[in-house]
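# Working through the structure, step by step
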Amino acid sequence: MKNIDLVFGYLINSPNGASSVVRLLLENDMIFKQNGINCNFHLRGNNATGRNNPNDTPGNAPRSLKNGLKQIIKSVLDSSTKLVPHLHSAYSIFNILLIPCRRIARSYTAMESPDSTDPLFFNDIFSCYYYLKYTKAKKRPILLVMHTNGETYNMLKLSYPDVKGSWVMKKLDEIERFTFSRVSDFGFVAKNAMEHFRELHPELKDARLHYVHNGLPVLKYAEPERNHSDKPLELCCVGSISYRKGQDIIIDALLKLTPEELGKIHVTFLGDGNTRAILEEKCEKARLTANVTFAGNRNDVNDFLLKSDIFILTSRDEGFPMAILEAERVGLPVISTDIAGIPEMIVNGETGLIIKPDCDDLYPIFKNIDAYDWKEMGKKSKQMFDNNFTIEKMIEGYCSILREM
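Residues numbered from 1 in each chain as written. Predicted model: local features only at pLDDT ≥ 70, side-chain atom pairs only at ≥ 80, totals over all residues. Heavy atoms only, no water.

Moving on, we come to the overall build of the protein chain. Along the backbone of the protein chain there are 16 helices and 12 strands. Per-residue burial for the protein chain yields a buried fraction of 52% across its 405 residues. Long-range pairs, those at least 24 residues apart, make up 69% of the contacts in the protein chain between residues at least 6 apart in sequence. With the model as given, the accessible surface of the protein chain reaches about 19400 Å², and the carbon-plus-sulfur share is 50%. (Helix = DSSP H or I, 4+ residues; strand = E, 2+ residues; numbered from the N terminus. Buried < 20%, exposed > 50% of the residue type's maximum accessible area, 1.4 Å probe, protein only. Contact = heavy atoms within 4.5 Å. Areas by Shrake-Rupley, 256 points an atom, 1.4 Å probe, with all protein chains shown as cover.)

Structural data, given as structure tokens:
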């Protein structure tokens with residue numbers, strides 16, 4: 001049995017791809033053991049094995065004066081930095097990403113043997129960076145998985161556009177250079193992302209590059225009845241409501257339809273985010289409220305998917321979105337964009353449709369929504385999930401890499 005340590009500084013319950021994958025790895029760690037790997041999880045808010053420590057859960061957190069003062073200081077900094085956009089972006093990046101990752105790295109290296117040669121498994125660049133800054137162990141191979149399109153900070157720059165060209169970006173670039181110069185193996189969640197990374201970093205010609213598609217556990221569910229001819233087609237979109245996820249593209253395509261064409265479509269958005277209020281107001285002014293529902297953050301996503309006919313995600317940037325896997329798992333055809341790993345998730349015209357992240361590409365599909373056999377696409381979408389994107393396949397892929405390190 002080979003020992004591996006997985007170190008991760010983000011909260012595993014956060015709604016981002018990296019956190020979702022690490023949570024799934026933790027919940028299914030027996031598959032590692034079945035493949036000859038003993039994976040030890042070192043996570044934020046958890047003990048050294050990665051199992052939840054009851055004293056660390058929010059409901060049992062000690063209410064000390066020190067903690068109270070920290071929260072007050074954070075609140076003041078958050079409010080005051082909003083007056084200067086790039087300062088607020090910097091504060092958010094350091095507070096949400098860098099500081100927690102530094103803490104987990106310090107905690108881990110404090111208990112690490114300097115003589116260890118066991119491989120390390122990272123799923124975020126910042127935990128890896130701080131580990132490399134603090135470690136005294138010099139012979140440990142590292143697998144750093146990038147949950148991106150191959151560009152390290154593209155998602156971050158879309159979320160915090162004010163950092164472009166700022167001192168914050170210079171610091172982030174410094175972190176990238178330092179980390180990449182010391183990592184032996186880079187993992188990606190899609191082949192397209194791996195190839196894009198290779199093009200961007202010719203200086204890393206000696207690094208070993210791998211890709212492993214994300215996966216999910218198989219879901220048992222009662223087969224739903226879909227495609228009632230007397231009702232509008234139900235489209236479901238799951239994700240943070242933001243420019244990056246591109247829900248505005250869907251709204252703009254709906255706005256171009258005639259009343260008769262609109263009557264054939266209803267879209268439900270699950271999630272919340274910084275563009276939700278703008279899009280809701282736009283729908284109200286355009287009288288689209290009968291065709292669009294904003295349901296907010298939900299714990300019953302699968303219930304919504306099972307009631308839907310089509311899944312849609314018009315992202316401008318992605319890695320390998322778990323939301324598409326959730327849709328395929330329950331037999332939904334998928335309309336999505338030609339971004340990063342998404343073309344590896346959909347067979348265009350068979351399991352769904354691939355478009356550019358542009359209203360003009362989506363509009364003809366909406367206009368001719370009845371021209372497609374969505375039910376047959378859904379069946380093939382489910383087959384594609386079963387054949388390619390299960391949790392077993394994902395973990396077996398990582399085990400194969402880790403065994404060779």
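With that out of the way, let us pick up the pattern of salt bridges. Evaluation of the coordinates by the stated rule reveals 18 salt bridges. One salt bridge in this structure joins Lys285 and Glu281, with 3.2 Å as the shortest N-O distance. Within this pair, Lys285 and its partner Glu281 are both found in helix 11 (residues 276-285), separated by 4 residues, close to a single helical turn. The class of Lys285 is exposed, set by a relative accessible area of 66%. Glu281 gets classed as partly exposed once you look at its relative accessible area, which sits at 41%. (Salt bridge = Lys/Arg side-chain N within 4 Å of Asp/Glu carboxyl O.)

One can find Ser181 in the loop between helix 7 (167-180) and strand 5 (185-188). C-alpha separation for the pair Ser181 and Glu203, spaced 22 residues apart in sequence, amounts to 9.3 Å. Within the local environment of Ser181, its side chain forms a polar contact with the backbone oxygen of Phe178, the two atoms lying 2.8 Å apart. (Polar contact = N/O pair within 3.5 Å; in protein donor to acceptor, adjacent residues only side chain to side chain.)

The subject of this paragraph is the packing of aromatic side chains. The tally for this structure, following the rule as stated, stands at 17 aromatic pairs. Between Phe32 and Phe41 the ring centres are 6.5 Å apart and the planes differ by 75 degrees, which places this aromatic pair in the edge-to-face class. Each member of the pair, Phe32 together with Phe41, is buried. Through a chain of ring-to-ring contacts, the aromatic side chains of Tyr129, Tyr130, Tyr134 and Phe178 assemble into a single cluster. For Lys256, the ring lying beneath its charged end belongs to Tyr363, and the centroid distance is 4.8 Å. Cation over ring: Arg316 sits above Tyr243, and NZ or CZ is 3.9 Å from the ring centre. (Phe/Tyr/Trp six-rings, centres within 6.5 Å; stacked < 30°, edge-to-face > 60°. Lys NZ or Arg CZ within 6 Å of the ring centre and 35° of its normal.)

Right, let's get into the packing of helix 1 (residues 17-27) against helix 16 (residues 391-403). Two numbers describe how helix 1 lies on helix 16: the axes approach to 11 Å, and their chain directions differ by 90 degrees. Put simply, helix 1 runs roughly perpendicular to helix 16. Here helix 1 contributes Val21, Leu24 and Leu25 to the contact with helix 16, which in turn contributes Ile391, Met394, Ile395 and Tyr398. A per-class count over the contact of helix 1 with helix 16 returns 7 nonpolar, no polar and no charged. (Axes fitted to C-alpha atoms, helices over the stretch in contact; angles between N-to-C directions. Parallel < 35°, antiparallel > 145°, perpendicular 65-115°, else oblique. Nonpolar A, V, L, I, M, F, W, Y, C, P; charged D, E, K, R; others polar.)

Moving on to the pairing of strand 10 (residues 310-313). The two faces of strand 10 match: Ile310 and Ile312 on one face and Phe311 and Leu313 on the other face are all buried. Pairing of strand 7 (residues 233-238) with strand 10 involves 2 bridges; the strand directions are parallel. Bridge pairing in strand 10 places Leu235 opposite Ile310. Two elements, strand 10 and strand 11 (residues 334-337), share 3 bridges in a ladder whose sense is parallel. Paired with Leu313 across the strands is Ser336, a residue of strand 11. (Pairing = 2+ DSSP bridges.)

Within the chain, Arg287 stands out as a residue other than glycine whose phi angle is a positive 60 degrees. Judged by relative accessible area, Arg287 falls into the exposed class, the value being 75%.

Packing of helix 9 (residues 247-255) against helix 14 (residues 359-367) brings their axes to within 8 Å, and their N-to-C directions diverge by 55 degrees. Here helix 14 runs oblique to helix 9, going by the angle between their axes. Note on packing geometry: the crossing formed by helix 9 with helix 14 is right-handed. Residues Ile249, Ile250, Asp252, Ala253 and Leu254 of helix 9 touch helix 14, and the partners they reach there are Cys359, Leu362, Tyr363 and Phe366. For the contact of helix 9 with helix 14, the class distribution of residues is 8 nonpolar, no polar and 1 charged. (Left-handed = near helix turned anticlockwise from the far one by under 90°.)

Turning next to the side chain of Arg244. The residue Arg244 is located in the loop between strand 7 and helix 9 in this model. From its side chain, Arg244 meets the backbone oxygen of Asp317 in a polar contact 2.9 Å long.

Right, let's talk about the environment of Gly296 for a bit. On the secondary structure map, Gly296 appears in strand 9 (residues 292-296). With 27 residues separating them in the primary sequence, Gly296 and Phe269 have C-alpha atoms 7.2 Å apart. The residues contacting Gly296, other than those within four sequence positions of it, are Phe269, Leu270, Gly271 and Arg276.

The 6 strands lie next to each other as 2-1-3-4-5-6, forming an open sheet whose pairing is parallel. Across the chains shown, the open sheet's two edge strands, defined by having one partner strand only, are strand 2 (37-43) and strand 6 (208-211). Strand-to-strand twist of the sheet, defined as the mean angle between neighbouring strand axes without regard to direction, takes the value 25 degrees. Bridge analysis of strand 1 (residues 2-8) against strand 3 (residues 120-122) gives 3 bridges, and the strand direction is parallel. For Val7, the partnering residue across the bridge sits in strand 3 and is Phe122. The strands touched by helix 5 (residues 125-134) within the sheet are strand 1, strand 3 and strand 4 (142-146), with strand 4 carrying the most contacts at an inclination of about 155 degrees.

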